[in-house]
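Here is what each chain is made of, one letter per residue.
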Amino acid sequence: MYFAYIMRCADGTLYTGYTDDIARREAVHNSGRGAKYTRSRLPVKTVYHESFATRSEAMKRECAIKRLSREQKLKLIAEHSNTGQE
């Protein structure tokens, strides 16, 4: 199982990525060993994720999410949290 995810950084910005283990990836980001972007914006919290059967599907969705505007990403997060899936 693979995931495309969005994390909210301490400064309010959003970071999008993919992984096969969301909890581990969040821990790696928060340890300062994650993406360069998040290192100076700690802590981060996973606020959205989607699951996929293959890495390729997760990577494609990551790219699609990255192309969304900030407002569209926030709407996606809000819709997700309203369903209790977070």
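In what follows, the structure referred to is the one given above.
Here we look at the environment of S51
Turning to its location among the elements, S51 is positioned in strand β3 (residues 44-52). You can call S51 partly exposed: its relative accessible area is 43%. Excluding anything up to four places from it in sequence, S51 contacts M1, Y2 and F3.

Some details on the environment of M59
Mapped onto the elements, M59 comes out in helix α3 (residues 55-66). In this structure M59 comes out as partly exposed when scored by relative accessible area, which is 32%. For the pair M59 and F3, spaced 56 residues apart in sequence, the C-alpha to C-alpha distance is 8.5 Å.

With respect to the sheet that holds strand β1 (residues 2-9)
Working definition: the strands of a sheet are paired by backbone hydrogen bonds and lie parallel or antiparallel to each other. Spatial ordering of the open sheet is given by β2-β1-β3, a layout of 3 strands whose pairing is antiparallel. Only two strands of the sheet have a single neighbouring strand rather than two, namely β2 (14-19) and β3. The average undirected angle you get between the axes of adjacent strands in this sheet is 20 degrees. One ladder, built from 6 bridges, connects β1 with β2; its direction is antiparallel. Looking across to β2, one finds that A4 is bridged to Y18.

Examining the state of the cysteines
Enumeration over the complete set of coordinates arrives at 0 disulfides. C9 takes part in no disulfide bond, and the closest cysteine sulfur, belonging to C63, lies 18 Å away. For C63, a relative accessible area of 39% translates into the label partly exposed.

Concerning the environment of C63
Relative to the helices and strands, C63 is located in helix α3. Separated by 18 residues in the primary sequence, C63 and K45 place their C-alpha atoms 20 Å from one another.

Here's the deal with unusual backbone geometry
The omega torsion across L42 and P43 is 0 degrees, close enough to zero to call that bond cis. For P43, the location among the structural elements is in the loop between α2 (36-39) and β3.

Comments concerning the packing of aromatic side chains
Following the criterion strictly, the structure yields 2 aromatic pairs and no others. Geometrically, the ring pair formed by Y5 and Y15 is tilted, given 6.4 Å between the ring centres and 40 degrees between the ring planes. In this pair, Y5 is assigned in strand β1 and Y15 in strand β2, connecting sequence segments 10 residues apart. Measuring from ring centre to ring centre gives 6.2 Å for Y15 and Y37, while their planes differ by 20 degrees; the resulting arrangement is stacked. Here Y15, found in strand β2, pairs with Y37, found in helix α2; they are 22 residues apart in sequence, far enough to count as distant. Accessibility expressed as a relative area gives 17% for Y15, which makes it buried.

Each value, and the rule that gives it
Residues numbered from 1 in each chain as written. Predicted model: local features only at pLDDT ≥ 70, side-chain atom pairs only at ≥ 80, totals over all residues. Heavy atoms only, no water. Helix = DSSP H or I, 4+ residues; strand = E, 2+ residues; numbered from the N terminus. Buried < 20%, exposed > 50% of the residue type's maximum accessible area, 1.4 Å probe, protein only. Contact = heavy atoms within 4.5 Å. Pairing = 2+ DSSP bridges. Axes fitted to C-alpha atoms, helices over the stretch in contact; angles between N-to-C directions. Disulfide = S-S within 2.5 Å. Phe/Tyr/Trp six-rings, centres within 6.5 Å; stacked < 30°, edge-to-face > 60°.

Functional significance is not addressed by these values, which are geometric in nature.
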